Amino acid sequence: MTSLLSGLGAGLALIVAIGAQNAFVLRQGLRREHVGLVVAVCALSDVVLVAVGVVGLGRLVESVPWFVDAARWGGAAFLAGYAVLALRRAATGSGESLEVEGDAHVQAGGLAVRVRPSARRVGLTALALTWLNPHVYLDTVVLLGSVAASHGDARGWFAGGAMTGSVVWFAALGFGARHLGRWLREPRAWRLLDGAIGCVMLVLAAGIVLR
């Protein structure tokens with residue numbers, strides 16, 4: 001249970017960071033266009049990436065025993081550094097807010113007609129924003145994989161928690177956008193989120209070191 005909750009916390013803390021992917025999910029949620037498709041693409045992509053990180057680094061641990069200690073200290077250092085940056089953004093307000101583009105319209109006979117993009121186009125955009133982002137590999141494959149390796153035989157539970165965090169976040173952001181959109185546009189809201197993220201990261205870093 002401890003590993004499961006640690007994975008959930010780590011997954012949420014990493015994925016909530018402001019980025020193009022989250023902005024796109026929020027935008028589609030506000031427009032109510034292919035929301036289920038976008039949520040599924042982003043969530044399943046994260047599940048695959050986390051699994052690759054856990055399985056790949058798990059095999060490395062079996063062949064290189066000292067990698068556990070290296071992963072533990074490296075992961076703790078990264079989490080602590082990430083926490084410091086998040087807390088600094090929360091204190092100074094130097095973070096960003098999610099700016100969501102308005103609806104696309106065309107003029108037809110003097111009337112504004114909303115243009116609804118195809119599911120194929122939306123799905124490809126979601127895939128590109130996920131798989132062509134270099135940070136996603138650092139966060140999911142390298143960082144979460146390394147931290148999971150420090151949990152030994154319970155790393156599967158850690159991975160399950162991280163995967164759950166991704167699914168919950170994307171579903172909440174996409175389907176709850178109509179309620180969260182206005183709030184998430186405010187810089188103050190992201191300062192609060194950054195503060196929470198920083199605290200979670202520090203707790204996780206301390207937990208890794210103490211293990």
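Residues numbered from 1 in each chain as written. Predicted model: local features only at pLDDT ≥ 70, side-chain atom pairs only at ≥ 80, totals over all residues. Heavy atoms only, no water.

Novice: Explain the overall build of the protein to me, using residue names and the numbers behind them.
Specialist: Counting its secondary structure elements, the protein contains nine helices and two strands. In the protein, which comprises 211 residues, the share counted as buried stands at 45%. Long-range pairs, those at least 24 residues apart, make up 84% of the contacts in the protein with a sequence separation of at least 6. Element-wise, carbon and sulfur atoms account for 66% of the exposed surface of the protein, whose accessible area totals about 10800 Å². (Helix = DSSP H or I, 4+ residues; strand = E, 2+ residues; numbered from the N terminus. Buried < 20%, exposed > 50% of the residue type's maximum accessible area, 1.4 Å probe, protein only. Contact = heavy atoms within 4.5 Å. Areas by Shrake-Rupley, 256 points an atom, 1.4 Å probe, with all protein chains shown as cover.)

Novice: Give me the lowdown on the nonpolar core, citing residues and values where you can.
Specialist: Of all hydrophobic cores here, the largest spans 19 residues; its most connected members are Leu14, Val50, Leu79, Leu144, Phe158 and Met201. Among the secondary structure elements, those contributing two or more residues to this core are α1 (2-15), α3 (35-63), α4 (67-92), α6 (134-149), α7 (155-175) and α9 (187-210). Setting aside residues up to four positions removed in sequence, Val50 forms contacts with Thr140, Leu144, Ala159, Ala162 and Met163. (Core = buried A, V, L, I, M, F, W, Y, C linked by side-chain atoms within 4.5 Å.)

Novice: Outline the environment of Ala206, listing residues and values.
Specialist: Position of Ala206 relative to the elements: it lies in helix α9. With a relative accessible area of 38%, Ala206 lands in the partly exposed category. C-alpha separation for the pair Ala206 and Ala76, spaced 130 residues apart in sequence, amounts to 7.2 Å.

Novice: Just give me the short version of α1, but keep the residues and values in it.
Specialist: Over its 14 residues, α1 extends 20 Å from the first C-alpha to the last, a length consistent with the 20 Å expected when each residue adds 1.5 Å. Buried residues of α1: Ser3, Ser6, Gly7, Gly9, Ala10, Gly11, Ala13, Leu14 and Ile15, and no others. (Expected span 1.5 Å × (residues − 1).)

Novice: Describe the environment of Ala159, with residues and values.
Specialist: You can see Ala159 is positioned in helix α7. Considered as a pair, Ala159 and Leu144 are 15 residues apart in the sequence and their alpha carbons are 7.8 Å apart. Setting aside chain neighbours within four positions, we find Ala159 in contact with Val50 and Val54.

Novice: Could you give an account of helix α5 (residues 119-131), naming the residues involved and the relevant values?
Specialist: Count 3.6 residues to each turn of an α-helix, and residues three or four apart come out pointing the same way. Its 13 residues give α5 an end-to-end C-alpha distance of 18 Å, which sits within 8% of 18 Å, the value for a rise of 1.5 Å per residue. Residues of α5 that are buried include every one of Val122, Gly123, Ala126 and Thr130, and no others. Looking straight down α5, one finds that the buried residues subtend no more than 100° of arc, so they occupy a single side. Opposite the packed face of α5, turned more than 90 degrees from it, sit the exposed residues Arg120 and Arg121. (Arc of directions from axis to C-beta.)

Novice: Can you break down the confidence of the model for the protein residue by residue, with the values?
Specialist: Per-residue pLDDT for the protein has a mean of 76; in total, 75% of the residues score no lower than 70. Across the protein, element-level confidence peaks in α7 with a mean pLDDT of 89 and bottoms out in strand β1 (residues 105-108) with 43. Low pLDDT (under 50) marks residues 102-113, which in the prediction has 17 contacts with non-local residues, meaning those over four places away or in another chain. (pLDDT = per-residue confidence, 0-100.)

Novice: Outline unusual backbone geometry, listing residues and values.
Specialist: For His34, which is not a glycine, the phi torsion comes out positive at approximately 50°. Position of His34 relative to the elements: it lies in the loop between α2 (20-31) and α3. Judged by its relative accessible area of 19%, His34 is buried.

Novice: Please provide a residue-by-residue account of the packing of α1 against α7, values included.
Specialist: Where α1 meets α7, the closest approach of the two axes is 6 Å, and the angle between their N-to-C directions is 40°. In terms of axis orientation, α1 runs oblique to α7. When you trace α1 past α7, the crossing you get is right-handed. Counting all contacts with α1, which are made through Ser3, Leu4, Ser6, Gly7, Leu8, Ala10, Gly11, Leu12 and Ile15, the residues of α7 involved are Trp157, Phe158, Gly160, Gly161, Ala162, Thr164, Gly165, Ser166, Trp169 and Phe170. Here the contact of α1 with α7 is composed, by residue class, of ten nonpolar, nine polar and no charged. (Axes fitted to C-alpha atoms, helices over the stretch in contact; angles between N-to-C directions. Parallel < 35°, antiparallel > 145°, perpendicular 65-115°, else oblique. Left-handed = near helix turned anticlockwise from the far one by under 90°. Nonpolar A, V, L, I, M, F, W, Y, C, P; charged D, E, K, R; others polar.)

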